[in-house]
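# Fold and geometry: a report
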Amino acid sequence: MTAFSIPDVKEFMNIFLRTDTFDSFLLREGSITTFMTYLLEGRSNADFFSPEDEPYPLMSQEEYVPFSLARPICFDIIKGKRTPSAFKFVFQLSSENQRRTVASISSSFSPEEVSGMYLNLKYQNQKLTCTTGVSCHIFSMDKSLEHAWDDMVKRFFRKHQIAFELLT
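Bear in mind the structure is a predicted one, so any value in this text is a computation, not a measurement. (Residues numbered from 1 in each chain as written. Predicted model: local features only at pLDDT ≥ 70, side-chain atom pairs only at ≥ 80, totals over all residues. Heavy atoms only, no water.)

Quick look at the pairing of strand 6 (residues 114-124) now. Across seven bridges, strand 5 (residues 86-92) lies against strand 6 in antiparallel orientation. In the sheet register, Phe87 faces strand 6, and the bridge partner there is Tyr123. Connecting strand 6 to the next strand, strand 7 (residues 127-136), in antiparallel fashion are two residues, including Asn125 with a positive phi near 55°. (Pairing = 2+ DSSP bridges. Helix = DSSP H or I, 4+ residues; strand = E, 2+ residues; numbered from the N terminus.)

Bridge count between strand 2 (residues 26-33) and strand 4 (residues 65-66): two bridges; the pairing is antiparallel. Its bridge partner lying in strand 4, Leu26 is registered against Pro66. Bridge count between strand 2 and strand 5: seven bridges; the pairing is antiparallel. Across the sheet, residue Leu27 finds its bridge partner in strand 5, namely Phe91. Where strand 2 folds back onto strand 3 (residues 37-41) in an antiparallel hairpin, the turn is made up of three residues.

This part is about the nonpolar core. Counting residues in hydrophobic clusters, the biggest one holds 44 residues, and the most contacted among them are Phe12, Phe16, Phe22, Phe89, Phe91 and Phe157. Breaking this core down by element, the ones donating at least two residues are strand 1 (3-6), helix 1 (9-18), strand 2, helix 3 (67-78), strand 5, strand 6, strand 7 and helix 5 (144-159). Not counting residues up to four positions away in its chain, the partners in contact with Phe91 are Phe16, Phe25, Leu26, Leu27, Phe67, Met117, Tyr118, Leu119 and Leu121. (Core = buried A, V, L, I, M, F, W, Y, C linked by side-chain atoms within 4.5 Å. Buried < 20%, exposed > 50% of the residue type's maximum accessible area, 1.4 Å probe, protein only. Contact = heavy atoms within 4.5 Å.)

Using the criterion set out here, one finds nine salt bridges in the structure. Put simply, Glu96 and Arg99 hold a salt bridge, and the shortest N to O gap is 3.2 Å. Taken as a pair, Glu96 and Arg99 lie in helix 4 (residues 95-104) at a separation of three residues, close to a single helical turn. The exposure class of Glu96 is partly exposed, given its relative accessible area of 39%. Two residues, Asp151 and Lys154, come together in a salt bridge whose shortest N-O distance is 3.7 Å. Of this pair, Asp151 and Lys154 both sit in helix 5, three residues apart, which is roughly one turn of that helix. For Lys154, a relative accessible area of 16% gives the class buried. Taken together, the shared-partner salt bridges connect Glu41, Arg43 and Glu63 into one network. (Salt bridge = Lys/Arg side-chain N within 4 Å of Asp/Glu carboxyl O.)

No statement about biological role is implied by the geometric values presented.
Shown next, in the form of structure tokens:
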């Protein structure tokens, strides 16, 4: 697990809410606090869509919704003159992205042993932090997957010009 501070909150929020940068992540859960708190449960309900609807294939394969479907709603809640008091988002790699990621890393883990690769965003007291995490079905002292995931998140941030500072 690695913790990052995001120094330019305004620029991050522009990337986060106005671009598709985070759209391929699955939204497990979230909360946005303005004058009230909005709780977002990301569990997928594929039956809401018809099989011919664009989101249906992914929704029927994943337990959680892609952020691309939740982002416009989050944008509507957050936009305005006042910054939210706080927010929290827990993202997970999609099954396909997780399989590809685990396969691309030199690690002792098989894709079936990994239950989730996470990216957590938390905004509170005018500070934005991001933490990474990996969850496995097995216990292992091998931290190679966690270190590789941390490095991949750093590369993802750099690729999308998201400034960050490592927290110790």
